[in-house]
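Each chain, letter by letter, is given below.
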Amino acid sequence: MTNDKAFADLLERVDNLFRIGSVTHLDLAASPPVARIDDGDRISGWIPIMTRRAVGGEAEWDAPEIGERVLVIALGGRREQSRILPAALFCADHPAPSQDGNVVLRQHDDGASDGYDRQTHIRTIRVPDGGSLKIEVGSTRLNVHDGHIQIIADALTIDGTTVMIDADTIELGGSGGAKVARVGDAVNPNTFKIQEGSDVTKSN
């Protein structure tokens, strides 16, 4: 190889080391998953998508999307050795979801988000209407639906100095129970049975 050809090959390899492009095609069922990108000069062949962890015990999956701006490295500067890094760039079509440096935020296109504000010390998880938030530990379940919270557990313990429940109806032991009596409710002087009871709390 002449010096000119060697120098030209070196320049091409240096130019190929790092590229920025937009994802044009995805094949997430491939092994490994692959994508094609448009770097402004050409549309690439299929390039493997890298991730931070990829072993059975510790695997992470977060696929890029069509139109996403990504960083591509080429091992040795050879395009056939290209890999898509688990990193992306914001652009005019896909701006940053926040301009607050104190916020760490993961946002989804259906309106869901998971964020933490280190200044206010508040973590906020949002799920759009019709969605659910589920936490599972063994056989214990916490299901948060729109307008309804369900806890499934062998035992539920609430420790607190004061427990306040503000509800139109409280059903203890299932629905359809009788009114629960309170101190001061009317009692029949002949039968000594309680005549009144709570309009809110009932029990079986």
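As the structure is a prediction and not an experimental result, all values here were calculated from the model.

A. Layout of the overall build of the chain. A count of helices and strands for the chain gives 1 helix and 16 strands. Against the 2.2 N^0.38 benchmark of 17 Å for 204 residues, the chain shows a C-alpha radius of gyration of 30 Å, more extended than a compact globule. Its C-alpha atoms put the chain at 115 × 35 × 30 Å along the principal axes. Every one of the 204 residues in the chain was classed for burial, and the buried ones make up 15%. Considering only contacts within the chain whose residues lie at least 6 apart along the sequence, 34% involve residues at least 24 apart. In the chain, which carries 21 positive and 31 negative side-chain charges, the distance between the mean positions of the two groups comes to 5 Å.

B. Just the environment of Ile-151, in detail. Position of Ile-151 relative to the elements: it lies in strand 13 (residues 148-152). Along the chain, Ile-151 and Val-70 lie 81 residues apart, while their C-alpha atoms are 41 Å from each other. When near neighbours in sequence (up to four residues on either side) are disregarded, Ile-151 contacts Arg-141 and Leu-142.

C. Structural context of a negative patch on the surface. Negative charge collects at one region of the surface, where Glu-12, Asp-15, Asp-38 and Asp-41 lie side by side. Examined against the element boundaries, Asp-41 turns out to sit in the loop between strand 2 (34-38) and strand 3 (47-48).

D. Region of interest: the UniProt feature "domain: Gp5/Type VI secretion system Vgr protein OB-fold" (unreviewed entry) in the chain. According to UniProt, the "domain: Gp5/Type VI secretion system Vgr protein OB-fold" (unreviewed entry) feature falls on residues 21-87. The span residues 21-87 is 0% helical and 45% strand by assignment, and the distance between its end C-alpha atoms comes to 12 Å.

Basis of the calculations
Residues numbered from 1 in each chain as written. Predicted model: local features only at pLDDT ≥ 70, side-chain atom pairs only at ≥ 80, totals over all residues. Heavy atoms only, no water. Helix = DSSP H or I, 4+ residues; strand = E, 2+ residues; numbered from the N terminus. Rg over C-alpha atoms; globule rule 2.2 N^0.38 Å. Buried < 20%, exposed > 50% of the residue type's maximum accessible area, 1.4 Å probe, protein only. Contact = heavy atoms within 4.5 Å. Lys, Arg positive; Asp, Glu negative; His and termini not counted. Charge placed at Lys NZ, Arg CZ, Asp CG, Glu CD. Patch = residues over 30% accessible without salt bridge, like charges linked within 9 Å, V, L, I, M, F, W, Y side chains within 5 Å. Areas by Shrake-Rupley, 256 points an atom, 1.4 Å probe, with all protein chains shown as cover. Salt bridge = Lys/Arg side-chain N within 4 Å of Asp/Glu carboxyl O. UniProt positions renumbered as here; feature names shortened; annotations may be inferred.

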